[in-house]
Amino acid sequence: MLEKAKTRLRPSARSGVPPFMVMDVMAAAARLEAQGRRIVHMEVGQPATGAPSTAVAAARAALLSGPQGYTETLGIASLRRRIARSYSEWHGLDIDLERIVVTTGSSAGFTLAFLAAFEAGDRVAMALPGYPPYRHILTALGCEAVGIETTADTRWSITGETLLAQHRLAPLKGVVVGSPANPTGTMMTAVALAELIRCAQEAGIIVISDEIYHGLDYAFAAESAARVSPDAIVVNSFSKYFCMTGWRIGWMVVPQPLVRAVERLQQNFAISVPTLSQIAAEAAFDARAELETVKKGYEENRRILLEGLPRAGLDKFLPVDGAFYLYADVSPFAADSFEFAARMLEEAGVATTPGVDFDPIHGGKFLRLCYAGSRDDMREAVERIGNWLKPR
Ligand SMILES: Cc1ncc(COP(=O)(O)O)c(C=O)c1O
């Protein structure tokens, strides 16, 4: 009887999404550290800094002031008002408060957006290279993730033309765009984003814009899809600019016709978003000076890498515009970046992420380096990589 029950317990086919290879790199780095080796970490994409002081103080005060019950499903009203205000301050936009939905990180935002907008079987496009969970969440939900290869000719982004070419092959229902992008750190200009959204919407393709790296733009100012169209779904987060990864809090700007669907889904999936995190997130908006100092640190790290890596021997990158990533072409050194990353970790003590996680087609040529660490780490990484590549 018990044996029979055991054989029936199998993971569903749709849960069979690929693993995240960066986890393997982290595990290998941890093994070396356990042997006493010093490793420079450039593999994980998160700020080295903690939540801003205003957020921590607000959370501490809230903890002492009473119980933290559920909140309204769409989020605490004052936080939603503060998020709406940030659109007027940062983008000169007047966003209807009703359209702001607080979520458990942008990760939950994607699941809500995909479920609210797409049916099982719908085809949804995204750029390759790109953030793997877009593809994997869509696949788990029964949609078809359609990777569109990008090149230097299109500044490593999907364009109206490449989107419509895919749409002609078989109709697309949606497209996910991200600028600044992970893993490339490359951004779309305001003109390129507006043109893509125009082409998509004329063809009836729903646009989901991942704006999680907004605030971390160095080459030029990041454009919000919310400024381009009220019909674009915008997903954002407190994880990156606000340095609050572990607080698991983000938000969406939802087109009016989808708001109630998103609300019903979130009521059932989560009831509400962690109350303490919502309180802290609202206070994080008051830490602008502190957060801008952190951003200056990333800019300095970016400068160190842009000057140092070419001298060290790595000189082919995609445009390093924003976020805190540099995506380097290592094909002159190795046929397989996974093996190259493993050797760089073992021999030079620098942990990076191989591109195969982000691009099953060309990822074997690339490595992602995250520059959210300390300035000393960046200098040390450049020196170690240079010494390691020198004999080649
Ligand atoms: C491009 C991109 N989108 C979304 C996420 C998810 O972040 P979170 O769920 O912490 O908001 C990440 C995390 O690294 C990311 O890089």
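In what follows, the structure referred to is the one given above.
The following refers to the structure shown. (Residues numbered from 1 in each chain as written. Predicted model: local features only at pLDDT ≥ 70, side-chain atom pairs only at ≥ 80, totals over all residues. Heavy atoms only, no water.)

### Side note on the overall build of the chain
- Along the backbone of the chain there are 14 helices and 12 strands.
- Against the 2.2 N^0.38 benchmark of 21 Å for 392 residues, the chain shows a C-alpha radius of gyration of 21 Å, consistent with a compact globule.
- Its C-alpha atoms give the chain principal-axis dimensions of roughly 65 × 60 × 55 Å.
- Looking at the 392 residues of the chain, the share that counts as buried comes to 53%.
- Contacts in the chain between residues at least 24 apart in sequence constitute 75% of all its contacts with a sequence separation of at least 6.
- Of the roughly 17200 Å² of accessible surface on the chain, 55% is carried by carbon and sulfur atoms.
- A distance of 4 Å separates the average location of the 40 positive side-chain charges in the chain from that of its 43 negative side-chain charges. (Helix = DSSP H or I, 4+ residues; strand = E, 2+ residues; numbered from the N terminus. Rg over C-alpha atoms; globule rule 2.2 N^0.38 Å. Buried < 20%, exposed > 50% of the residue type's maximum accessible area, 1.4 Å probe, protein only. Contact = heavy atoms within 4.5 Å. Areas by Shrake-Rupley, 256 points an atom, 1.4 Å probe, with all protein chains shown as cover. Lys, Arg positive; Asp, Glu negative; His and termini not counted. Charge placed at Lys NZ, Arg CZ, Asp CG, Glu CD.)

### A look at the packing of aromatic side chains
- Within the structure shown, the criterion is met by 20 aromatic pairs.
- Both rings, one in Tyr-241 and one in Phe-242, keep their centres 5.2 Å apart while their planes meet at 90°; by these two values the pair is edge-to-face. One exposure class covers both Tyr-241 and Phe-242, and it is buried.
- Judged by centre distance (5.3 Å) and plane angle (75°), the rings of Tyr-298 and Phe-324 are edge-to-face. Linking Tyr-298 in helix α12 (residues 288-312) with Phe-324 in the loop between α12 and β9 (325-329), this pair joins segments that are 26 residues apart in sequence. By the burial criterion, Tyr-298 is buried, and Phe-324 matches it.
- Grouped by ring-pair contacts, the aromatic residues Trp-90, Phe-238, Tyr-241, Phe-242, Trp-251 and Phe-285 constitute a single cluster. (Phe/Tyr/Trp six-rings, centres within 6.5 Å; stacked < 30°, edge-to-face > 60°.)

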